Amino acid sequence: MRLSPNQRVAILLHEGITGHHGKTGLAILRYSEAPIVAVIDHECAGKSLPELTNIKRDVPIVASVAAALEYKPEVLVIGIAPGGGAVPDDYWLEIKGALEAGMSLVNGLHTPMANIPELNALLKPGQLIWDVRKEPPNISVASGMARTLSCRRVLTVGTDMAIGKMSTSLELHWASKQRGWRSKFLATGQTGVMLEGDGVALDAVRVDFAAGAVEQIVMRYGKNHDILHIEGQGSLLHPGSTATLPLIRGSQPTQLLLAHRAGQVHVRNHPHVLIPPLPEVIQLYETVASAGGAFASVPVVGIALNTAHLDQSAAEDAIAQTIAETGLPCTDVVRFDANVLLDAVMKN
């Protein structure tokens, strides 16, 4: 399943437009081709979405599912991604209201909903609940086979969670297609899977099989594409992240792109975990990727800098400073475009 370009979508995003947990909904607003007819956030109801987010999509913000029904949505997407992936208590009433109104549900949280009897009892013919975070079938332990592929395999890594790894991969994928290359975006998180319609929600996979799940999808697409843009997850710097290493081992990347939020000095919500200078972070990722020589050398070829919180002049200064600090190409792929980083990928 994927978000259909023919179905009218409402996004449930309470406290997510301006908060820290709305990245799923905001990414869908930025990248989905589906007709999004309402955003539900009681904090921002009545305000301008483009002014709040800089996303050029003029969708009304309403206070509740009941208020969204005026716009005749057919699908409700849960647009938040809170720590641990649990459903906030105040979301349950909204979810039930949507199902009672005849809407299908797209759920990217860790709490599965398709098998909850109370919710299933509300479904009418044609309605469904899509739990995105599911372990793929028939996965096994990784073997490093992705290194036998001839395609480029570009993995985004980061200095923290939720800093733009998916956006970087998507923007490079689209830039690759514009150049006429056979490109594929490989989704590894719930939002990417919603957008792409396939992939693997890596944090739903048992840790022993995580690298194998990545390897499986890389092998599926690698032989028929020139370049794979593999969505990164987590960070080697984050004390709660377990997804980055399986991505590195399963995809056997040929190049890495490092995502970083301009000016960020510590892992968000963990001020005791400082982000080292970027040259040291680059060395860390390159050392881990090569495993001291057990695998091929994998260079970090560019920096994807998130400057969403800066004005234009400050963003340009931050990019120039990062280039001087690292000696690598750098840009904000959302604010500007991805071609600088794509050129760096093709030179290596």
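Here's what I pulled together on the structure shown here. (Residues numbered from 1 in each chain as written. Predicted model: local features only at pLDDT ≥ 70, side-chain atom pairs only at ≥ 80, totals over all residues. Heavy atoms only, no water.)

1. A short note on the sheet that holds strand β5 (residues 104–107)
Across a sheet, strands are paired by hydrogen bonds formed along the backbone, either parallel or antiparallel in direction. Selection criterion: The rule for pairing is simple: two strands pair if DSSP sees at least two bridges between them. Runs of H or I in DSSP of at least four residues are treated as helices and runs of E of at least two as strands, each being numbered from the N terminus. When checking whether two residues touch, look at their non-hydrogen atoms; a contact exists if any pair is within 4.5 Å. Every axis in this analysis is a line fitted to C-alpha atoms, fitted for helices over the stretch in contact. Angles between the N-to-C directions lie between 0 and 180 degrees.
Taken in spatial order, the 6 strands of this open sheet run β3-β2-β1-β4-β5-β6, and their pairing is parallel. The sheet is open, and its two edges are formed by β3 (61–62) and β6 (129–131), each paired on a single side. Direction of pairing for strand β4 (residues 75–78) relative to β5: parallel, over a ladder of 3 bridges. The residue of β5 that forms the bridge with valine 75 is serine 104. Helix-sheet contacts for helix α4 (residues 91–100) involve β1 (9–12), β2 (36–40), β4, β5 and β6, and the interaxial angle to β4 is about 160°.

2. Re the environment of glycine 79
Heads up, the condition is: Each residue is placed in one exposure class: buried if its accessible area under a 1.4 Å probe, protein chains only, is under 20% of its type's maximum, exposed if it is over 50%, and partly exposed if it falls in between.
Residue position: glycine 79 is located in the loop between β4 and α4. By relative accessible area, glycine 79 is classed as buried at 0%. Counting along the chain gives 65 residues from glycine 79 to histidine 14, while the straight-line C-alpha distance between them is 8.5 Å. Residues contacting glycine 79, with those up to four places away along its chain left out, are Ile11, Leu12, Leu13, His21, Gly22, Lys23, Thr24 and Gly25.

3. Notes on the sheet that holds strand β10 (residues 255–261)
The strand order across the open sheet formed by 6 strands is β8-β9-β7-β10-β13-β14, and the pairing between neighbours is parallel. Among the strands making up the open sheet, the edge pair consists of β8 (183–186) and β14 (330–331). In this structure, strand β7 (residues 152–158) lies alongside strand β9 (residues 227–230), joined through 4 bridges in parallel fashion. Residue pairing in the sheet places valine 154 in a bridge with histidine 229 of β9. Sheet contacts for helix α9 (residues 244–251): β7 and β9; angle to β7, the most-contacted strand, approximately 170°. Where helix α12 (residues 339–347) meets the sheet, its contacts fall on β7, β9, β10, β13 (300–306) and β14, and the angle it forms with β13 comes to roughly 165°.

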